[in-house]
Amino acid sequence: MSLTQVSNVKMFDGKQQQFTHQSSSTNCVMQFAIYLPPEANETNKVPVLYWLSGLTCTDENFVQKAGAQRIAAELGMAIVCPDTSPRGENVANDAGYDLGQGAGFYVNSTQAPWADHYQMYDYVVSELPDLIEANFPVSNQRAISGHSMGGHGALTIALRNTSRYSSVSAFSPIVNPIDCPWGQKALTAYLGENVETWREYDACELIKQSSPQLPMLIEQGLTDNFLAGQLKPENLIAQAKAANYPITINQHNGYDHSYFFIASFIEEHIRFHAKHFS
């Protein structure tokens, strides 16, 4: 598959790069960012952390704001950041920020007009890792993390694909989209009215049956404007307890939903994933 390089800069003796490619999953041109630590080469393939961003974001937000590259360079880890949705003139969109371009929700859509392009689950789970592992000096050791909508994506993808990831983490994730306005709007549009089909994209539903149990770390700010109405971490805590699924959820006074929050605790998450790579 042909890659087109968009940018390439040196950072902490590694490379921060950006590429585009024609995606078979989303049927459009997709863009992603990748950080390669200094020791990554053909004889030393490094593990990869996949980062999924939230509503309205692109592949650039985490790269520019989180400050993760310094720790990734120290620990010898690549970080891959896909875009949050398909994009382009022929790609379906919506006037709202929480549906359409910038709001793919990491699902495989089954409904018109979204189904032609919005196959983000397949893109993140299969196509993108295959592309990364074929074209860059990385191993098939993978971890996954994300923020908000991307936290939802990271949790659901990891819980459905436990053999593909060594660990999962999230910042301010949408843990129960069946039971929040963001999730209800997106899942209705992308998957239709049948709520039963939504359950495979809901962490609270998936954690009941996930096996084996991956190491899971969640960070949540208690001054997050979306905490009560959209995120509802208490729902995941209750379901994890009922399923005897061990998770660590750190709740922080005074922190909000922003990248200031992510930057404050990203080092702990990078080290968490590094610990679980074999």
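Each remark here, short or long, concerns the structure printed above.
In this report, we go over the structure that sits alongside the text.

Thresholds, definitions, all that
Here, residues in each chain are numbered from 1, in the same order as that chain's written sequence. Only residues with pLDDT of 70 or above have their local features reported here, since the model is predicted, and side-chain atom pairs are shown and tallied only from 80 upward, although totals for entire chains, interfaces and linings are computed over all residues. Remark: hydrogens and water are excluded; side-chain values derive from all non-hydrogen atoms of the structure. The salt bridge criterion pairs a side-chain nitrogen of Lys or Arg with a carboxyl oxygen of Asp or Glu, the two atoms within 4 Å. Think of it in three bands: with a 1.4 Å probe and only protein chains considered, a residue is buried below 20% of the maximum accessible area for its type, exposed above 50%, and partly exposed in between. Strands are runs of DSSP state E lasting at least two residues, helices are runs of H or I lasting at least four, and both sets are numbered from the N terminus onward. We call two strands paired when DSSP finds no fewer than two bridges between them.

We now examine the pattern of salt bridges. All told, the structure shown has 12 salt bridges when counted by the stated rule. Among the salt bridges present, the one from glutamate 133 reaches arginine 142, with a minimum N-O distance of 2.7 Å. On the basis of relative accessibility, which here comes to 10%, the residue arginine 142 falls in the buried class. For the salt bridge of glutamate 205 with lysine 208, the shortest nitrogen-to-oxygen distance reads 3.4 Å. You can call lysine 208 partly exposed: its relative accessible area is 45%. Each of Arg70, Glu74, Glu267 and Arg271 takes part in salt bridges that share partners, so that together they form one network.

Attention now moves to the pairing of strand β5 (residues 78–82). Consecutive residues of a regular strand have side chains that alternate between opposite faces of the sheet. The element β5 is largely enclosed, with a buried count of 5 among its 5 residues. Across 3 bridges, the pairing between strand β4 (residues 46–52) and β5 is parallel. Among the inter-strand pairings, leucine 49 is bridged to a residue of β5, identified as isoleucine 79.

The values are spatial; any link to function lies outside them.
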